[in-house]
Amino acid sequence: LAGNVPASNYVWTFNTGGSADTTAPMVSSTFPENAATNVPFGGNLSVTFSEAMNPLTVTSATVILTQGTTQIPGTVTYAGVTAIFNPLTPLAPNTLYTATITTGATDLTGNALANNYAWTFTTGAIPDNTAPTVISTDPANSATAVPLNKKIAAIFSEAMNPLTITTATFTLANGTTLVA
(Lines give C-alpha, C1' and ligand atoms only; values in the text may rest on other atoms or scores of the structure.)
Protein backbone atom coordinates (compact mmCIF):
# COMPACT_ATOMS: atom_id res chain seq x y z
CA LEU A 1 0.00 0.00 0.00
CA ALA A 2 3.02 2.29 0.54
CA GLY A 3 4.36 1.60 -2.97
CA ASN A 4 7.34 -0.60 -1.97
CA VAL A 5 8.19 -3.46 -4.32
CA PRO A 6 9.78 -6.82 -3.40
CA ALA A 7 13.59 -6.82 -3.66
CA SER A 8 13.43 -9.85 -6.03
CA ASN A 9 10.87 -12.09 -7.68
CA TYR A 10 9.53 -14.86 -5.40
CA VAL A 11 9.18 -18.21 -7.25
CA TRP A 12 7.67 -21.47 -5.96
CA THR A 13 6.74 -24.77 -7.59
CA PHE A 14 3.99 -27.33 -7.13
CA ASN A 15 2.61 -30.39 -8.92
CA THR A 16 -0.99 -30.93 -9.87
CA GLY A 17 -2.74 -34.18 -9.00
CA GLY A 18 -3.22 -37.05 -11.45
CA SER A 19 -5.95 -37.10 -14.00
CA ALA A 20 -9.52 -37.54 -12.84
CA ASP A 21 -10.63 -41.12 -12.03
CA THR A 22 -12.71 -42.29 -14.97
CA THR A 23 -12.21 -46.03 -14.45
CA ALA A 24 -15.39 -48.00 -13.85
CA PRO A 25 -15.37 -50.23 -10.77
CA MET A 26 -15.63 -53.99 -11.27
CA VAL A 27 -16.86 -56.96 -9.28
CA SER A 28 -13.78 -58.86 -8.04
CA SER A 29 -15.51 -61.83 -6.44
CA THR A 30 -18.85 -63.15 -5.24
CA PHE A 31 -20.11 -65.61 -2.70
CA PRO A 32 -21.46 -67.93 -3.76
CA GLU A 33 -19.41 -68.12 -6.93
CA ASN A 34 -21.08 -68.11 -10.33
CA ALA A 35 -22.74 -71.47 -11.15
CA ALA A 36 -22.18 -72.80 -7.60
CA THR A 37 -24.38 -75.71 -6.54
CA ASN A 38 -25.46 -77.04 -3.15
CA VAL A 39 -25.31 -73.52 -1.72
CA PRO A 40 -26.65 -73.39 1.86
CA PHE A 41 -30.07 -71.78 1.78
CA GLY A 42 -29.82 -70.10 5.16
CA GLY A 43 -26.86 -67.80 4.50
CA ASN A 44 -25.99 -64.42 3.05
CA LEU A 45 -24.56 -63.44 -0.32
CA SER A 46 -21.56 -61.17 -0.73
CA VAL A 47 -19.92 -59.23 -3.53
CA THR A 48 -16.44 -57.71 -3.42
CA PHE A 49 -15.66 -54.70 -5.61
CA SER A 50 -12.33 -53.69 -7.16
CA GLU A 51 -12.37 -50.38 -5.27
CA ALA A 52 -14.26 -48.50 -2.59
CA MET A 53 -17.83 -47.77 -3.57
CA ASN A 54 -20.20 -44.95 -2.65
CA PRO A 55 -22.15 -46.66 0.17
CA LEU A 56 -25.25 -44.61 -0.70
CA THR A 57 -25.39 -46.43 -4.05
CA VAL A 58 -24.88 -49.98 -2.71
CA THR A 59 -28.41 -50.75 -1.53
CA SER A 60 -31.26 -53.18 -2.06
CA ALA A 61 -32.04 -51.17 -5.21
CA THR A 62 -28.64 -52.03 -6.77
CA VAL A 63 -27.92 -55.41 -5.16
CA ILE A 64 -30.78 -57.63 -6.30
CA LEU A 65 -31.56 -61.32 -5.82
CA THR A 66 -34.23 -63.03 -7.90
CA GLN A 67 -35.71 -66.47 -8.30
CA GLY A 68 -37.06 -66.46 -11.83
CA THR A 69 -38.86 -63.14 -12.12
CA THR A 70 -39.58 -62.86 -8.40
CA GLN A 71 -37.35 -60.46 -6.47
CA ILE A 72 -36.25 -61.78 -3.06
CA PRO A 73 -36.52 -59.12 -0.35
CA GLY A 74 -33.43 -58.51 1.72
CA THR A 75 -31.17 -55.96 3.36
CA VAL A 76 -27.80 -54.80 2.08
CA THR A 77 -24.86 -53.70 4.19
CA TYR A 78 -21.63 -52.30 2.82
CA ALA A 79 -18.19 -51.94 4.41
CA GLY A 80 -14.71 -51.57 2.90
CA VAL A 81 -15.14 -52.99 -0.60
CA THR A 82 -17.72 -55.69 0.25
CA ALA A 83 -21.50 -55.65 0.06
CA ILE A 84 -23.55 -58.29 1.88
CA PHE A 85 -27.10 -59.21 0.89
CA ASN A 86 -29.10 -60.78 3.73
CA PRO A 87 -32.37 -62.37 2.52
CA LEU A 88 -35.29 -61.62 4.86
CA THR A 89 -36.38 -65.28 4.69
CA PRO A 90 -34.35 -68.44 4.02
CA LEU A 91 -33.91 -69.33 0.37
CA ALA A 92 -35.77 -72.34 -1.01
CA PRO A 93 -33.91 -75.65 -1.38
CA ASN A 94 -32.95 -77.00 -4.83
CA THR A 95 -33.64 -73.64 -6.45
CA LEU A 96 -31.79 -71.56 -9.06
CA TYR A 97 -31.21 -67.93 -8.06
CA THR A 98 -29.76 -64.95 -9.93
CA ALA A 99 -27.92 -62.16 -8.12
CA THR A 100 -27.35 -58.85 -9.90
CA ILE A 101 -25.34 -55.72 -9.14
CA THR A 102 -26.75 -52.91 -11.27
CA THR A 103 -24.98 -49.97 -12.85
CA GLY A 104 -26.62 -47.81 -10.18
CA ALA A 105 -23.72 -48.80 -7.91
CA THR A 106 -20.91 -46.23 -8.25
CA ASP A 107 -17.42 -45.71 -6.88
CA LEU A 108 -16.48 -42.72 -4.72
CA THR A 109 -15.90 -40.48 -7.77
CA GLY A 110 -19.26 -41.40 -9.36
CA ASN A 111 -18.09 -44.00 -11.89
CA ALA A 112 -20.73 -46.69 -12.37
CA LEU A 113 -20.12 -50.33 -13.18
CA ALA A 114 -19.73 -50.61 -16.97
CA ASN A 115 -22.59 -53.17 -17.10
CA ASN A 116 -24.92 -54.93 -14.73
CA TYR A 117 -23.03 -57.83 -13.14
CA ALA A 118 -25.09 -61.01 -12.72
CA TRP A 119 -24.30 -64.50 -11.49
CA THR A 120 -26.36 -67.59 -10.71
CA PHE A 121 -26.24 -70.31 -8.09
CA THR A 122 -28.38 -73.23 -6.98
CA THR A 123 -29.24 -74.01 -3.38
CA GLY A 124 -28.79 -77.48 -1.94
CA ALA A 125 -31.35 -80.01 -0.81
CA ILE A 126 -33.01 -80.06 2.57
CA PRO A 127 -30.87 -82.29 4.76
CA ASP A 128 -32.47 -85.63 5.58
CA ASN A 129 -32.47 -85.83 9.37
CA THR A 130 -35.14 -88.53 9.61
CA ALA A 131 -33.92 -91.89 10.85
CA PRO A 132 -34.93 -94.85 8.69
CA THR A 133 -37.27 -97.45 10.15
CA VAL A 134 -38.05 -101.07 9.36
CA ILE A 135 -41.57 -101.09 7.91
CA SER A 136 -41.95 -104.83 7.32
CA THR A 137 -40.09 -108.12 7.65
CA ASP A 138 -40.18 -111.51 5.98
CA PRO A 139 -41.01 -113.63 7.81
CA ALA A 140 -43.42 -111.45 9.76
CA ASN A 141 -42.89 -110.79 13.46
CA SER A 142 -43.96 -113.77 15.62
CA ALA A 143 -44.44 -116.01 12.54
CA THR A 144 -44.55 -119.76 13.21
CA ALA A 145 -43.68 -122.79 11.12
CA VAL A 146 -41.08 -120.80 9.14
CA PRO A 147 -39.19 -123.12 6.74
CA LEU A 148 -35.60 -123.87 7.76
CA ASN A 149 -34.22 -122.52 4.47
CA LYS A 150 -36.21 -119.25 4.56
CA LYS A 151 -34.33 -116.13 3.44
CA ILE A 152 -34.70 -113.37 6.03
CA ALA A 153 -35.52 -109.84 4.78
CA ALA A 154 -36.31 -106.42 6.15
CA ILE A 155 -37.94 -103.57 4.23
CA PHE A 156 -36.85 -100.06 5.25
CA SER A 157 -38.79 -96.81 5.08
CA GLU A 158 -36.23 -95.30 2.69
CA ALA A 159 -33.29 -96.25 0.51
CA MET A 160 -30.34 -97.40 2.57
CA ASN A 161 -26.60 -97.16 2.05
CA PRO A 162 -25.78 -100.78 1.12
CA LEU A 163 -22.32 -100.50 2.67
CA THR A 164 -23.97 -100.14 6.09
CA ILE A 165 -26.06 -103.33 5.81
CA THR A 166 -23.59 -105.94 7.07
CA THR A 167 -23.50 -108.99 9.31
CA ALA A 168 -22.69 -106.59 12.13
CA THR A 169 -25.78 -104.40 11.57
CA PHE A 170 -28.31 -107.04 10.41
CA THR A 171 -28.23 -110.08 12.66
CA LEU A 172 -30.26 -113.23 13.24
CA ALA A 173 -30.15 -114.98 16.59
CA ASN A 174 -31.58 -118.15 18.11
CA GLY A 175 -32.01 -116.95 21.65
CA THR A 176 -28.63 -115.38 22.42
CA THR A 177 -26.73 -117.40 19.81
CA LEU A 178 -26.04 -115.61 16.54
CA VAL A 179 -26.90 -117.52 13.36
CA ALA A 180 -24.27 -117.21 10.60
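Draft legend 1. Up close: the sheet that holds strand 5 (residues 70-71). The sheet built from 5 strands is open, its strands ordered 2-9-8-4-5 with mixed pairing. On the outer flanks of this sheet lie strand 2 (36-39) and strand 5, each paired with one strand and no other. Note that strand 4 (residues 63-67) and strand 5 share 2 bridges and pair antiparallel. Counted as the bridge partner of Thr-66 is Gln-71 from strand 5.

Draft legend 2. Expanded view of the pattern of salt bridges. Here the structure, examined in full by the defined rule, presents 1 salt bridge. For Asp-138, the salt bridge goes to Lys-150, with nearest N and O atoms at 2.9 Å. With Asp-138 in strand 10 (residues 134-138) and Lys-150 in the loop between strand 10 and strand 11 (153-156), this pair connects stretches of sequence that are 12 residues apart. What makes Asp-138 partly exposed here is its relative accessible area of 36%. Note on Lys-150: relative accessible area 31%, which makes it partly exposed.

Draft legend 3. Region of interest: the environment of Leu-91. Checked against the element boundaries, Leu-91 lands in the loop between strand 7 (82-87) and strand 8 (96-101). Residues Leu-91 and Phe-41, spaced 50 residues apart in sequence, show a C-alpha to C-alpha distance of 4.8 Å. With residues up to four places along the chain from it excluded, the contact list for Leu-91 reads Phe-41, Leu-65, Ile-72, Tyr-97, Phe-121 and Thr-123.

Draft legend 4. Representation of a nonpolar patch on the surface within the structure. Residues Ile-152, Ile-165, Phe-170, Leu-172 and Val-179 make up a contiguous nonpolar surface patch of roughly 380 Å² in combined accessible area. Considering the arrangement of structural elements, one finds Leu-172 in the loop between strand 11 and strand 12 (173-174).

Draft legend 5. The sheet that holds strand 1 (residues 27-31), seen in detail. The 4 strands lie next to each other as 1-3-7-6, forming an open sheet whose pairing is antiparallel. Each edge of the open sheet carries a strand with a single partner, namely strand 1 and strand 6 (74-79). This sheet shows a mean twist of 15° between the axes of neighbouring strands, independent of strand direction. Alignment of strand 3 (residues 45-49) against strand 7, held across 4 bridges, turns out to be antiparallel.

Draft legend 6. The arrangement of the pairing of strand 7 in detail. Along strand 7, the buried face is formed by Ala-83, Phe-85 and Pro-87; none of Thr-82, Ile-84 and Asn-86, which line the opposite face, is buried. Note that strand 6 and strand 7 share 6 bridges and pair antiparallel. In the strand pairing of strand 7, Gly-74 is matched with Pro-87. Linking two consecutive strands that pair antiparallel, namely strand 6 and strand 7, is a turn of 2 residues; a positive phi of about 65° is found at Gly-80 within it.

Draft legend 7. Spotlight on the nonpolar core. Judged by nonpolar contacts, the single largest core of 22 residues is most densely connected at Phe-49, Val-58, Leu-65, Ile-101 and Phe-121. For this core, the secondary structure elements donating two or more residues are strand 3, strand 4, strand 6, strand 7, strand 8 and strand 9 (117-123). When near neighbours in sequence (up to four residues on either side) are disregarded, Val-58 contacts Phe-49, Met-53, Val-63, Val-76, Tyr-78, Ala-83 and Ala-105.

Draft legend 8. Broad picture of the side chain of Asn-111. You can see Asn-111 is positioned in the loop between strand 8 and strand 9. A distance of 3.0 Å separates polar atoms of two side chains, one belonging to Asn-111 and the other to Thr-109. Apart from residues lying up to four places away in sequence, Asn-111 is in contact with Asp-21, Thr-22, Thr-23, Ala-24, Pro-25, Ala-105 and Thr-106.

Each value, and the rule that gives it
Residues numbered from 1 in each chain as written. Predicted model: local features only at pLDDT ≥ 70, side-chain atom pairs only at ≥ 80, totals over all residues. Heavy atoms only, no water. Pairing = 2+ DSSP bridges. Helix = DSSP H or I, 4+ residues; strand = E, 2+ residues; numbered from the N terminus. Salt bridge = Lys/Arg side-chain N within 4 Å of Asp/Glu carboxyl O. Buried < 20%, exposed > 50% of the residue type's maximum accessible area, 1.4 Å probe, protein only. Contact = heavy atoms within 4.5 Å. Patch = residues over 30% accessible without salt bridge, like charges linked within 9 Å, V, L, I, M, F, W, Y side chains within 5 Å. Areas by Shrake-Rupley, 256 points an atom, 1.4 Å probe, with all protein chains shown as cover. Axes fitted to C-alpha atoms, helices over the stretch in contact; angles between N-to-C directions. Core = buried A, V, L, I, M, F, W, Y, C linked by side-chain atoms within 4.5 Å. Polar contact = N/O pair within 3.5 Å; in protein donor to acceptor, adjacent residues only side chain to side chain.

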